[in-house]
Amino acid sequence: MSLEDRLVELVGEAAEVFGWEEIGEETDVEISESEDFPYPFTDIVHDGAVFRLFVTDRAANLDNDLADFFDHYRDFESEYEDVEQATLVWRAANDEDDFWYLRRTEEGDIGLFHSDLSLEEEDEEEGNGKKL
């Protein structure tokens, strides 16, 4: 599967995690490229927030890549400084069903989150989750 196909797939999975009810499998995804950003991406604006989604071209290695992703997040956030919330969402080429994302927490820090954990928190809030 090409990176572009994986990006379209990521949009659908992010829609589930972030509750974008109007975005589904039939939604057209505009894929952009920029000299300032190393991966093909798509930006989605939803309810006053902007999300940049992308798929890396290599296996995940957070130890090596996380500092770069934080830098990309800061650049992305400054690009959309008039938007309430900016979220950088990515999946590594070797990941199948989950993704990572960066966004500001309520305390103002940049937080690193995982899609599986986000779904588990939602289930717990609805009373359907398991306590570990």
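Please read all numbers here as calculations on a predicted model, not as lab measurements.

**Student:** Let's hear about the pairing of strand S2 (residues 37-46): which residues, and what values?
**Tutor:** With seven of ten residues buried, S2 is to be regarded as a mostly interior element. Sheet topology note: the strand S1 (residues 32-34)/S2 ladder contains two bridges and is antiparallel. Its bridge partner being in S2, Ser34 is matched across the sheet by Phe37. In textbook terms, the turn of a hairpin is the stretch between consecutive antiparallel strands, and for S1 and S2 this stretch comprises two residues. Bridge count between S2 and strand S3 (residues 49-55): six bridges; the pairing is antiparallel. Paired with Phe41 across the bridge in S3 is Phe54. Hairpin connection between S2 and S3: a loop of two residues separates the two successive antiparallel strands, and Asp47 in this loop has a positive phi of roughly 50°.

**Student:** Go over the pattern of salt bridges with me, naming the residues and quoting the values.
**Tutor:** A side chain of one charge can pair with a side chain of the opposite charge if their charged atoms are brought near each other. According to the stated counting rule, one finds six salt bridges in the structure shown. Residue Arg91 is joined to Glu9 by a salt bridge in which the shortest nitrogen-to-oxygen separation is 3.6 Å. Here Arg91, found in strand S4 (residues 85-91), pairs with Glu9, found in helix H1 (residues 3-18); they are 82 residues apart in sequence, far enough to count as distant. Given the relative accessible area of 0%, Arg91 is considered buried. The salt bridge involving Arg104 is made with Glu77; its shortest N-O contact spans 2.9 Å. With a gap of 27 residues between them, Arg104 in strand S5 (residues 100-104) and Glu77 in helix H2 (residues 62-79) connect regions that are remote in the sequence. Residue class for Arg104 comes out partly exposed when judged on its relative accessible area of 29%. Shared partners join several salt bridges into a network, and the residues in it are Glu9, Glu13 and Arg91.

What counts and how
- Residues numbered from 1 in each chain as written.
- Predicted model: local features only at pLDDT ≥ 70, side-chain atom pairs only at ≥ 80, totals over all residues.
- Heavy atoms only, no water.
- Buried < 20%, exposed > 50% of the residue type's maximum accessible area, 1.4 Å probe, protein only.
- Helix = DSSP H or I, 4+ residues; strand = E, 2+ residues; numbered from the N terminus.
- Pairing = 2+ DSSP bridges.
- Salt bridge = Lys/Arg side-chain N within 4 Å of Asp/Glu carboxyl O.

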